[in-house]
Amino acid sequence: MSYVNKYTPQPGPTVADSELYGPDPYDINFAFPLHQETLQTSRLKLVPFIPSLHAGTYWNHVKDRRDELLRYYTVYFHTPAEFLAWHELTFRRNPLWIYLAIIDKTRPDPAHPDWGGSLAGTVGLINGSAKNLQMEPGYIMVFPEFQHTHVAKEMVAICLNYILQLPSASPPGLGFRRAQWCANPQNAPSIGLAERMGFKREGTLRYTVVLPKELAQYGRQGRAGDAFEKLSSRDTAVLALCCDDWENGAREKVQAFIQ
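All of these numbers come straight from a predicted model, not from anything done at the bench.

Cut-offs applied
- Residues numbered from 1 in each chain as written.
- Predicted model: local features only at pLDDT ≥ 70, side-chain atom pairs only at ≥ 80, totals over all residues.
- Heavy atoms only, no water.
- Phe/Tyr/Trp six-rings, centres within 6.5 Å; stacked < 30°, edge-to-face > 60°.
- Helix = DSSP H or I, 4+ residues; strand = E, 2+ residues; numbered from the N terminus.
- Buried < 20%, exposed > 50% of the residue type's maximum accessible area, 1.4 Å probe, protein only.
- Contact = heavy atoms within 4.5 Å.
- Polar contact = N/O pair within 3.5 Å; in protein donor to acceptor, adjacent residues only side chain to side chain.
- Salt bridge = Lys/Arg side-chain N within 4 Å of Asp/Glu carboxyl O.

Undergrad: Break down the packing of aromatic side chains for me, citing the residues and quoting the values.
TA: Inspection of the entire model under this criterion finds 21 aromatic pairs. Consider the rings of Trp97 and Tyr139, whose centres lie 6.3 Å apart with planes at 40 degrees: the pair is tilted. With Trp97 in the loop between helix H3 (80–92) and strand E2 (98–104) and Tyr139 in strand E4 (residues 134–142), this pair connects stretches of sequence that are 42 residues apart. Following the ring pairs from residue to residue traces out a cluster consisting of Phe49, Tyr58, Tyr73, Phe77, Phe83, Trp86, Phe91, Trp97, Tyr99, Tyr139 and Phe143.

Undergrad: Mind laying out H3, listing which residues take part and the relevant values?
TA: Regarding H3, the residues found buried are Phe83, Leu84, Ala85, Trp86, His87, Glu88, Thr90, Phe91 and Arg92. Here the buried face of H3 lies against helix H1 (51–62), E2, strand E3 (118–129) and E4.

Undergrad: Explain the environment of Ala227 to me, and be specific about the residues and the numbers.
TA: Note on placement: Ala227 falls in the loop between strand E6 (200–210) and strand E7 (233–242). With relative accessibility at 73%, the residue Ala227 sits in the exposed group. Put simply, Ala227 and Leu39 are 188 residues apart on the chain and 42 Å apart in space, counted from C-alpha to C-alpha.

Undergrad: How would you summarise the side chain of Ser232 if you had to cite specific residues and measurements?
TA: Among the structural elements, Ser232 can be located in the loop between E6 and E7. A distance of 2.9 Å separates a polar side-chain atom of Ser232 from the backbone oxygen of Ala216. Sequence-distant contacts of Ser232, that is, excluding residues within four places in its chain, are made with Val209, Val210, Leu211, Leu215, Ala216, Gly219, Arg220, Gln221 and Gly222.

Undergrad: Please provide a residue-by-residue account of the pattern of salt bridges, values included.
TA: Enumeration over the complete set of coordinates arrives at eleven salt bridges. Within this structure, Glu19, Glu88, Arg92 and Arg93 form a network of salt bridges that share partners.

Now the structure itself:
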């Protein structure tokens, strides 16, 4: 039997400078209903991250602390343009992912009174699947000024409510069966937060992501002779909170953080 292989590598997608801030009016391009009433508490709210509104403040928080704030990410940004291109390609153009701004209502921002609070960080809702009824919070960042407060716990509780509550509930959720949490095994605070919120550790996947050189120390050493021998790979700790957990006590535990 004869065969051919005519595969030709195609160039990856790019973002022109004119596209870094997305279209106008801004299109979040998200495949799932975004229930605003579910995505907030009396002290916190999650809203779509709109680059023209939020990117400047985000970068002011991150630019001088990138090594600290990005150390457990799988990407590294040197410039605002790199961050904006990543956001456009990874989130806005992917209808199964959305990037959300975390707004702390307890701290007004005089420079942005229309926000109803201060930008405290960001969280993505990623890997959404209507077919498999699952989604995960990911690429979480809470700025240092807002760490060790209500922000992280309430953000996770909001995400769990949104993912796991049934559409018939009040306020409604997506009614998915699985909320997943992935973290670098070295990131003990992330894993600890997930476990406090009810996630159960399921295991560790080894060598899951090749890391950029700036994050080499947070992964396993590469193998001599392979395509990325000078770059390390990250293991991934996997946790989940599923619908059976939710219906057997986890809901009440989670909602206690936001009531």
